[in-house]
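Take a look at the letters that make up each chain.
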Amino acid sequence: MTFNARSAEFFQLAALLLAVVLFYLVVIPAGVTDPEGFGIDEGLPPSFSPRLVAWMAMALMVVRAATLLLFGDPTSPGADPADVPGPERQGDGDLSTRAVIGVVLALVYSLALVPHLGFVTGSLLLMPALLLAMGERRFVPLTIYPAIVVLAVWALFEQLLAIRLPPAALFTS
Amino acid sequence: MIDQILEGVQLAFTLESFIAIVLGVAAGQLLGAIPGLTASMAVALLIPYSFYFEPWVGIPMLLGMFKGSLFGSSTTAILIRTPGTPAASATVLDGYPLAQQGKGAKAIKMALYASVFGDSFSDICLIFFASLLAIVALAFGPAEYTVLIVLALASLGMLSSKPAWKGLLAMLLGVTIGIIGLDPITATERLTFGNPELEEGIGLIPMLIGFLAVSEVFRQMGSSLADLSGRAIRYSDKPEDNRVSMAEFRSCLPTLFRASALGTVIGAMPGLGSTVAAFLAYGQARRASPHPEQFGKGALEGVAAPEAANNAVSGSNLIPLLAFGIPGDIAAALILSAFMIQGINVGPLAFSENPTPLYAIYTALLMANAVNLVLGLGLVHVAKFAFAVPRRLLLSSVLIVASAGSYALRGSLFDVQLVFIFGLLGLIMVRFGFPTVPLLIGFILMPILEENLRTVLLLASTYDAHLLFVFERPAFLTMSGLIVAGTSLFAWRRWRRRRAVPDERQ
């Protein structure tokens, strides 16, 4: 493991440790209220599980940091082949602008379009926008394909399975 | 008794029940492939229609639907990293890498063979060992469940990443997300911060779709424009990449037997279900494999194990239902309701008083497996159409289906929003090398673990707070012994492998 990779891992550990400490000291007391007098005889208080998880996370990161400090990366040269990560598990380099645009579009869709315009209209707006972001410039794929997909999904859920999709609050109120 | 068996077989071997099974399996395969529709939901959708038929027609249709949906969900898990039902989440791990290598058809066929194998294995166990398995399953109490889940969490968290701490931390994050909602004992709100949407807890479907499918769509959107305008899924023209050879199937046989046995035992135990079985079988297959380094990169055994295990649950979760009248999971509860409405008795007395309907159901289960195999091979050909779809069209369609699927189960807009928030979180996690699958495992197992752990502590309080009471339980002792033996064997094999690596380099 190079110095830079080790430093990056230390930085990750420090940032995450800080986050877990904040979770333990701020989030748990604010988010979980234990009933008075509730102890081990009653099957543990509600805050037991989040506190236990936080302690485990802190212990895990401290042990990893200590291992890195004392031994470097013990799994690197003679590593067990079983430790080699698969493609899903590796860092994926920098996020591209398109991925960020995709995330923003999806969040706008779920937070604003679907609640106000409903599933059908919202999806008819999202899909061409996504296709445009992914470099599609032809008229037919930008118009006909989204219409077919949205219609098929609507027909499957609403007509065939009788499962309601999000309605348009703007049009119904 | 032979007369009753023959009578039962005759009842099931009719054209009507055969057509019902075909319809049930076909509908199950198609509904199972739709993200957001679980196997239980598929069964629930069909239940009202089943009452129009005779019990020997209606119930086989439901059973066929359940089996079909478990296999159908694996096709989308393999091709687009979107498990149709939670049970296929573990199939993503190796199925999707295989599809990326152009071996999607091979992976789906392996999933099909494994599903039918697991199904048949557990059905045979159900037929011959139902009473025995039910007794074993009932010997499992909260202490045994707790040990089993802790072992599963630790091993699955560690094996899925390098360095292991990232997998374990992701798993703990999943456990934390699982804590959100009402406390199971005191009904106190935990980490909801007054948001009523969070009181019910975070749904499994938004978690699965968000972390697996949506995060992958976001990641792939970052590909080059040339990649995005190409085919969605690579397709290999080589025949060996599109079929499972006899040699490959034979090499997967030990995995299939182990995973099916595990799935059968898990299915017989109320409350665990097919998703847990699939993940446990995946971990077990990886530990037992001579090539564990191939797991996560497209190992056929990595598809065979979870598929055999999750389908094996479908037969054996009828064991507590038929033997004691206790449904093991939601799907079994739905099937129990169908039994009751159709006037079929289940439970200990059913075998002594009127076992003929039960033999008819056994026959229908075996018929459904054969139908699942034949229709599944047809589905592979239909799935091939997905190979020709342009990537950008498929990616944008996945987001639309994801939002519809996440809304379907609870009718909540909040779930639609969660899907995309989890997609973003998944993208960030992958960017920093944190695996998302242990997070899902932690989330799935958290409620079972917490409920059982706290029950054990409550039980301990009745023994004057002596936790040592668990060592008086034969099932706990047997399980602990098996775990110690298994862990020692794994550690020994790992130690040997580590020693072998430097030797090979010299």
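Residues numbered from 1 in each chain as written. Chains lettered and ligands numbered in written order. Predicted model: local features only at pLDDT ≥ 70, side-chain atom pairs only at ≥ 80, totals over all residues. Heavy atoms only, no water.

> Outline the overall build of chain B, supporting the account with residue identities and numerical values.
Counting its regular elements, chain B contains 22 helices and 2 strands. Expected size for 506 residues packed as a compact globule is a radius of gyration near 23 Å; at 22 Å, chain B falls within 12% of this value. Principal axes of the C-alpha set define a box for chain B whose edges measure 65 × 60 × 60 Å. In chain B, which comprises 506 residues, the share counted as buried stands at 61%. Excluding contacts between residues fewer than 6 apart, the proportion of contacts in chain B whose partners are at least 24 apart in sequence is 78%. When the accessible area of chain B is evaluated, it comes to approximately 18,700 Å², of which 67% is carbon and sulfur surface. (Helix = DSSP H or I, 4+ residues; strand = E, 2+ residues; numbered from the N terminus. Rg over C-alpha atoms; globule rule 2.2 N^0.38 Å. Buried < 20%, exposed > 50% of the residue type's maximum accessible area, 1.4 Å probe, protein only. Contact = heavy atoms within 4.5 Å. Areas by Shrake-Rupley, 256 points an atom, 1.4 Å probe, with all protein chains shown as cover.)

> Describe the overall build of chain A, and please don't skip the residues or the numbers.
Along chain A, the regular secondary structure elements total 5 helices and 0 strands. Counting helices and strands in the order they occur from the N terminus, chain A gives α-α-α-α-α. The buried share of chain A, reckoned over its 173 residues, is 41%. Of the contacts formed within chain A by residues at least 6 apart in sequence, a portion of 56% connects residues at least 24 apart. Taken as a whole, chain A presents about 9,100 Å² of accessible surface, with 73% of it coming from carbon and sulfur.

> So what about the side chain of Ser412 of chain B? Which residues, and what values?
Residues and elements named next belong to chain B. Along the polypeptide, Ser412 turns up in the loop between helix H19 (391-410) and helix H20 (413-431). The exposure class assigned to Ser412 is buried, which follows from its relative accessible area of 10%. Within the local environment of Ser412, its side chain forms a polar contact with the backbone nitrogen of Phe414, the two atoms lying 3.2 Å apart. Setting aside anything within four residues of it in sequence, one finds Ser412 in contact with Glu197 and Tyr407. (Polar contact = N/O pair within 3.5 Å; in protein donor to acceptor, adjacent residues only side chain to side chain.)

> Which residues make up the state of the cysteines, and what values go with them?
The tally for this structure, following the rule as stated, stands at 0 disulfides over all chains. Counting only cysteine sulfurs, Cys125 of chain B is the nearest neighbor of Cys252 of chain B, a cysteine outside any disulfide, at a range of 20 Å. (Disulfide = S-S within 2.5 Å.)

> Go over the confidence of the model for chain B, please, and point to the residues and values.
All names here are of chain B. Model confidence for chain B is summarised by a mean pLDDT of 82, while 92% of its residues fall at 70 or above. In the model of chain B, helix H16 (residues 348-353) stands out as the element of lowest mean pLDDT, 68, in contrast to H20, which has the highest, 92. Reported confidence for the predicted complex is 0.86 by ipTM and 0.79 by pTM. (pLDDT = per-residue confidence, 0-100.)

> Talk me through the confidence of the model for chain A; I want residue IDs and the actual numbers.
All names here are of chain A. Of the residues in chain A, 79% have a pLDDT of 70 or more, and the chain-wide mean is 81. Summarising per-element confidence for chain A, the mean pLDDT is lowest in helix H5 (residues 169-172) (70) and highest in helix H3 (residues 97-133) (93). Confidence drops under a pLDDT of 50 for residues 76-94, and excluding neighbours within four residues, the segment shows 54 contacts in the predicted structure.

> Outline the packing of aromatic side chains, supporting the account with residue identities and numerical values.
To describe a pair of aromatic rings, you give the distance between the ring centres and the angle between the ring planes. Residues and elements named next belong to chain B. Applying the stated rule across the entire model yields 9 aromatic pairs over all chains. Their ring planes at 75 degrees and their centres at 6.2 Å tell us that Phe121 and Phe257 sit as a pair that is edge-to-face. Taken together, the positions of Phe121 in helix H6 (residues 104-138) and Phe257 in helix H11 (residues 246-268) put the pair 136 residues apart, joining distant regions of the chain. Residue Phe121 is classed as partly exposed on the basis of its relative accessible area of 21%. (Phe/Tyr/Trp six-rings, centres within 6.5 Å; stacked < 30°, edge-to-face > 60°.)

> An account of the nonpolar core is needed here, citing residue identities and associated values.
Residue and element names in this part refer to chain B. Core analysis: the biggest nonpolar cluster contains 183 residues, and Ile202, Met207 and Phe420 have the highest contact counts within it. If we skip the residues at most four places from it in the chain, Ile202 touches Ile177, Ile180, Met207, Arg410, Leu418, Phe422 and Phe443. The next biggest cluster of nonpolar side chains, apart from the first, holds 8 residues, and it includes Ala12, Ile21, Ala364 and Met367. (Core = buried A, V, L, I, M, F, W, Y, C linked by side-chain atoms within 4.5 Å.)

> Describe in detail the packing of helix H12 (residues 273-288) of chain B against helix H13 (residues 300-316) of chain B, supporting the description with residues and values.
All names here are of chain B. Between H12 and H13, the least distance of the axes is 8 Å, while the angle of their chain directions is 145 degrees. Crossing of H12 against H13: the hand is right-handed. Residues Gly273, Ser274, Ala277, Ala278, Ala281, Tyr282 and Ala285 of H12 touch H13, and the partners they reach there are Gly302, Ala305, Pro306, Ala309, Asn310 and Val313. (Axes fitted to C-alpha atoms, helices over the stretch in contact; angles between N-to-C directions. Left-handed = near helix turned anticlockwise from the far one by under 90°.)

> Explain the interface of chain B and chain A residue by residue, including any values.
Facing 83 residues of chain B, the contacting portion of chain A comprises 84 residues. Between chain B and chain A lies a buried interface of about 7,100 Å² when both sides are counted; carbon and sulfur atoms form 70% of it. Where chain B meets chain A, there are 1 salt bridge. The partner of Arg392 of chain B in a salt bridge is Glu136 of chain A, with the nearest N and O atoms 3.2 Å apart. A breakdown of the residues in the side of chain B that touches chain A according to their chemical character gives 47 nonpolar, 18 polar and 18 charged. (Buried area = accessible area lost by both parts, 1.4 Å probe. Salt bridge = Lys/Arg side-chain N within 4 Å of Asp/Glu carboxyl O. Nonpolar A, V, L, I, M, F, W, Y, C, P; charged D, E, K, R; others polar.)

> Which residues make up the environment of Leu418 of chain B, and what values do they have?
Residue and element names in this part refer to chain B. As for its position among the elements, Leu418 is in helix H20. On the accessibility criterion, Leu418 (8% relative accessible area) is buried. In the structure, Leu418 is positioned 80 residues away from Ala338 in sequence and 34 Å away in space, judged by C-alpha atoms.

> Give me the lowdown on a nonpolar patch on the surface, citing residues and values where you can.
Residues and elements named next belong to chain B. Nonpolar side chains collect at one region of the surface, where Ile124, Phe128, Phe129, Leu132, Val136 and Leu366 lie side by side and expose about 580 Å² of accessible area between them. For the nonpolar patch, the element with the highest residue contribution is H6, accounting for 5 residues. Relative to the helices and strands, Val136 is located in helix H6. (Patch = residues over 30% accessible without salt bridge, like charges linked within 9 Å, V, L, I, M, F, W, Y side chains within 5 Å.)

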